[in-house]
Amino acid sequence: MKLDTLTALAAERKDQSILDLFNKDGNRAGTFSASTGDLLIDYSKTQIDEDIRAALIALCDDAGLSGRREAMFSGAKINETEGRSVLHTALRNLDGGPVEVDGLDVMPDVLDTLQRMRVFAEEVRGGAISGVGGSFTDVVNIGIGGSDLGPVMATLALAPYHDGPRLHYVSNVDGAHIADTLRQLDPTRTLVIVASKTFTTIETMTNARTARAWMVDGGGDPARQFAAVSSAMDKTEDFGIPEQRVFGFADWVGGRYSVWGPVGLPVMIAVGSNAFDAFLRGGQAMDVHFRAADWVENMPVMLALVGIWHRQVLGHASRAVLPYDQRLLRLPSYFQQLEMESNGKSVAMDGSSLTLPSGPVVWGEPGTNGQHAFYQLIHQGTDVIPCEFMVAAEGHEPELTHHHRLLLANCLAQSEALMRGRTLEEARQRMADKGLTGDELERQARHRVFKGNRPSLTLMYPKLTPFVLGQIIALYEHRVFVEGVLLGINSFDQWGVELGKELATSLGPIVDGEEKADSKDGSTAALVAYALRHRD
């Protein structure tokens, strides 16, 4: 990616005031925003101007973004290091035409699996499928990574629509996680869903075996109270899960993109098949927009270009995702995986080393909690941290409208404060008004200076519905894809997770005390020895 023009513009405008940009353009908020339907992104509180935006958009054509986009949607094997198509979009292709992989249309299987999910979910919700002790009161989903983060995030986000059994999620192999979850449940009225494409993921299968033993010991029946999201039919059969309760998905669906399909089964059980269909349609609507809109009006493209400007051009190493919506509690974690597992690379598609920084560190928490935790660093720290605020125009609780208005006011105030800041002169006047003088006035004033001119963008939506959630998730998926294309990397493999897995497997017998740690480095050997000495 050639950034010469952008680097020059950044050097020229390093002291560019965002407030001055508003003073020069009375319609800046309209000019530097993008929307589709009722979803709006306002990126006017950044230093991007017309020239910078034009140079950023030029990157899209230089990188052949249009062709790469269509290659993805058409089923081409754009995941080149694994020789796979990338077709999570097919899982939400409810009204689209055929999608071919190796000459075969995948849509009949996708739609058939979706219908099987609908039937199973509604029978669980209605009690036609039940446990030994009666209809299911609880569902435990056992997975990790994308098989956990996606459905956890969506279940929390769609709480107002949750009218099915209680949902619980177990991901960590730490025994505390499954112990604390199962302790409160009835093993005769609990459905367990094991989500592992290969049915070999060590953390997931360890938890699954523990849950199975708990159920048997408590009088439940795993044969009628377990289901699986997996493509390894032989292994699910060996585990004792009937074939009709196994929901598979193809290798062209990556884990972090899988909530749209069988991995989303617990979400469907929680909110019902109609609400889940609305979620899919929200994602599909964003797909249509992404494929049709001009670059300057294209929400995923402009979101990606803002990210490129902040990370690769200006060098800001992290990005804060700040939803002012308590039900989006896990969205920053979900986006963390989506971005950092996809674009946390140092090698280009052709195997050469990247000459630019790759993806940023993505982190965040819901407002207003974050304001009382880490906003101090965002406002007055030495590093500039671009912020992405999210907020609905209205909440789901009409009787608590005053709460939502306060939430909205806080969200808008934070982005304004980051941009506006407070000068030393303003701080001095505040201290003078408090009666301070001389050196003490100066000292206190300096502690109250906010440099301001710190960038943010705001995503607004009418209300957090299943459709809107689908739009938002697809928006960020495509944003990550665009950034990957511009960087020239493969956003769809994740080799960085493999080495740790391999070493953990080799360490198993050593940690169990069955083998010596002679082959390990001194630190690892010493830590193993410590653990063995202090084991009961």
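Our structure is the block above this text.
Residues numbered from 1 in each chain as written. Predicted model: local features only at pLDDT ≥ 70, side-chain atom pairs only at ≥ 80, totals over all residues. Heavy atoms only, no water.

Student: Summarise the overall build of the chain; cite the residues concerned and give the values.
Tutor: The helix and strand tally for the chain stands at 22 helices and 15 strands. Computed over its C-alpha atoms, the radius of gyration of the chain comes to 25 Å, within 12% of the 24 Å expected for a compact globule of 536 residues. Seen through its principal axes, the chain has C-alpha atoms that stretch 75 × 60 × 60 Å. Residue burial in the chain is summarised as follows: out of 536 residues, 51% are buried. When the accessible area of the chain is evaluated, it comes to approximately 23500 Å², of which 51% is carbon and sulfur surface. Taking the 50 positively charged and 69 negatively charged side chains of the chain as two groups, their mean positions are separated by 5 Å. (Helix = DSSP H or I, 4+ residues; strand = E, 2+ residues; numbered from the N terminus. Rg over C-alpha atoms; globule rule 2.2 N^0.38 Å. Buried < 20%, exposed > 50% of the residue type's maximum accessible area, 1.4 Å probe, protein only. Areas by Shrake-Rupley, 256 points an atom, 1.4 Å probe, with all protein chains shown as cover. Lys, Arg positive; Asp, Glu negative; His and termini not counted. Charge placed at Lys NZ, Arg CZ, Asp CG, Glu CD.)

Student: Kindly report on unusual backbone geometry, identifying the contributing residues and their values.
Tutor: Along the chain, Gly367 connects to Thr368 via a cis peptide bond; the corresponding omega equals 10°. Counting through the fold element by element, Thr368 comes out in the loop between β13 (361-363) and α16 (375-380). At Asp102, a residue that is not glycine, the phi angle is positive and equals roughly 55°. As for its placement among the helices and strands, Asp102 is situated in the loop between β3 (100-101) and β4 (104-105).

Student: Account for the pairing of strand β9 (residues 190-195), with residues named and values stated.
Tutor: The side chains of a regular strand alternate between both faces of the sheet. For β9, a buried count of six out of six residues is recorded, marking the element as mostly surrounded by other parts of the structure. Note that strand β7 (residues 138-142) and β9 share five bridges and pair parallel. From the neighbouring strand, Asp138 faces β9, where its bridge partner is Thr190. Here β9 runs beside strand β10 (residues 226-229); their pairing, made up of four bridges, is parallel. Paired with Val192 across the strands is Phe226, a residue of β10. (Pairing = 2+ DSSP bridges.)

Student: Please provide a residue-by-residue account of the sheet that holds β7, values included.
Tutor: One open sheet accounts for five strands, arranged β8-β7-β9-β10-β11; its pairing is parallel. In this open sheet, the two edge strands, each paired with only one partner strand, are β8 (166-170) and β11 (246-247). Bridge analysis of β10 against β11 gives two bridges, and the strand direction is parallel. Directly across from Val229, in β11, lies its bridge partner Phe247. Of the strands in this sheet, β7 and β8 are in contact with helix α8 (residues 175-182), which crosses β8 at around 165°. Its contacts with the sheet place helix α9 (residues 202-217) against β7, β8, β9 and β10, and it is angled at close to 160° to β9. (Contact = heavy atoms within 4.5 Å. Axes fitted to C-alpha atoms, helices over the stretch in contact; angles between N-to-C directions.)

Student: Explain the pairing of β8 to me, and be specific about the residues and the numbers.
Tutor: Burial runs high along β8: four of the five residues are buried. Note that β7 and β8 share five bridges and pair parallel. Paired with Asn141 across the two strands is Tyr169, which belongs to β8. Each parallel crossover has a hand, and the one from β7 via helix α7 (residues 146-157) to β8 is right-handed. (Right-handed = clockwise from strand over helix to strand, strands pointing away.)

Student: Residue-level account of the side chain of Gln16, with values.
Tutor: Relative to the helices and strands, Gln16 resides in the loop between α1 (4-12) and α2 (18-24). Residues within four places of Gln16 in sequence aside, it is in contact with Leu21, Lys24, Gln47, Asp49 and Asn453.

Student: Can you tell me about the pattern of salt bridges, naming the residues and giving the values?
Tutor: Tallied over the entire structure, the rule returns 32 salt bridges. Residues Glu477 and Arg92 are paired through a salt bridge, measuring 2.9 Å at the closest nitrogen-oxygen approach. Here Glu477, found in helix α20 (residues 466-487), pairs with Arg92, found in the loop between α5 (65-74) and β3; they are 385 residues apart in sequence, far enough to count as distant. Each of the two residues, Glu477 as well as Arg92, counts as buried. Each of Arg319, Glu339, Glu388, Arg479 and Glu483 takes part in one network of salt bridges that share partners. (Salt bridge = Lys/Arg side-chain N within 4 Å of Asp/Glu carboxyl O.)

Student: Can you lay out a negative patch on the surface for me, pointing to particular residues and giving the numbers?
Tutor: A surface patch of negative charge is lined by Glu100, Asp105, Asp109 and Asp112. Among the secondary structure elements, Glu100 is positioned in strand β3. Residue Glu100 is classed as partly exposed on the basis of its relative accessible area, which comes to 45%. (Patch = residues over 30% accessible without salt bridge, like charges linked within 9 Å, V, L, I, M, F, W, Y side chains within 5 Å.)

Student: Account for the packing of aromatic side chains, naming residues and giving values.
Tutor: Enumeration over the complete set of coordinates arrives at 15 aromatic pairs. Here the aromatic rings of Phe276 and Phe279 are separated by 5.7 Å at their centres, their planes lie at 50°, and the arrangement is tilted. Of this pair, Phe276 and Phe279 both sit in helix α13 (residues 273-292), three residues apart, roughly one helical turn. For Phe276, a relative accessible area of 1% corresponds to the buried category. Between Phe335 and Tyr476, the ring centres sit 4.0 Å apart and the planes meet at 15°, which makes this aromatic pair stacked. (Phe/Tyr/Trp six-rings, centres within 6.5 Å; stacked < 30°, edge-to-face > 60°.)

Student: Lay out the sheet that holds strand β1 (residues 33-36) with the relevant residues and their values.
Tutor: In spatial order, the strands read β1-β2-β15-β14-β12-β13; together these six strands make up an open sheet with mixed pairing. Only two strands of the sheet have a single neighbouring strand rather than two, namely β1 and β13. Recorded for the sheet is a direction-independent mean angle of 15° between the axes of neighbouring strands. Alignment of strand β2 (residues 39-42) against strand β15 (residues 456-461), held across three bridges, turns out to be antiparallel. Directly across from Asp42, in β15, lies its bridge partner Thr458.

Student: Could you give an account of the nonpolar core, naming the residues involved and the relevant values?
Tutor: Among soluble globular proteins, nonpolar side chains are generally buried collectively. One finds Phe335 and Leu469 to be the most contacted residues of the largest nonpolar core, which totals 113 residues. Among the elements that take part in this core, α20 stands out by supplying 13 residues, more than any other. With 20 residues, the next largest nonpolar core counts Ile142, Leu185, Ala228 and Phe239 among its residues. (Core = buried A, V, L, I, M, F, W, Y, C linked by side-chain atoms within 4.5 Å.)

Student: Just give me the short version of the environment of His447, but keep the residues and values in it.
Tutor: Relative to the assigned elements, His447 resides in helix α19 (residues 438-447). A sequence separation of 20 residues divides His447 from Ala427, and the C-alpha atoms of the two residues are 8.5 Å apart.

Student: Please set out the packing of helix α4 (residues 50-62) against helix α14 (residues 299-313) residue by residue, giving values where relevant.
Tutor: The angle between the axes and the distance between the axes are what describe a pair of packed helices. At their nearest, the axes of α4 and α14 sit 10 Å apart, and the two run at 110° to each other. On the basis of the axis angle, α4 is roughly perpendicular to α14. Seen from α4, the contacting residues are Ile52, Arg53, Leu56, Ile57, Leu59 and Cys60; seen from α14, they are Val301, Met302, Leu305, Ile308 and Trp309. Along the lines of polarity and charge, the residues of the contact of α4 with α14 split into ten nonpolar, no polar and one charged. (Parallel < 35°, antiparallel > 145°, perpendicular 65-115°, else oblique. Nonpolar A, V, L, I, M, F, W, Y, C, P; charged D, E, K, R; others polar.)

Student: Mind laying out α9, listing which residues take part and the relevant values?
Tutor: Taking 1.5 Å per residue as the helical rise, α9 with its 16 residues ought to reach 22 Å, and the 23 Å between its terminal C-alpha atoms agrees with that figure. For α9, the full list of buried residues reads Thr204, Met205, Asn207, Ala208, Ala211, Trp214 and Met215. At the C-terminal side of α9, Gly219 shows a positive phi close to 90°. (Expected span 1.5 Å × (residues − 1).)

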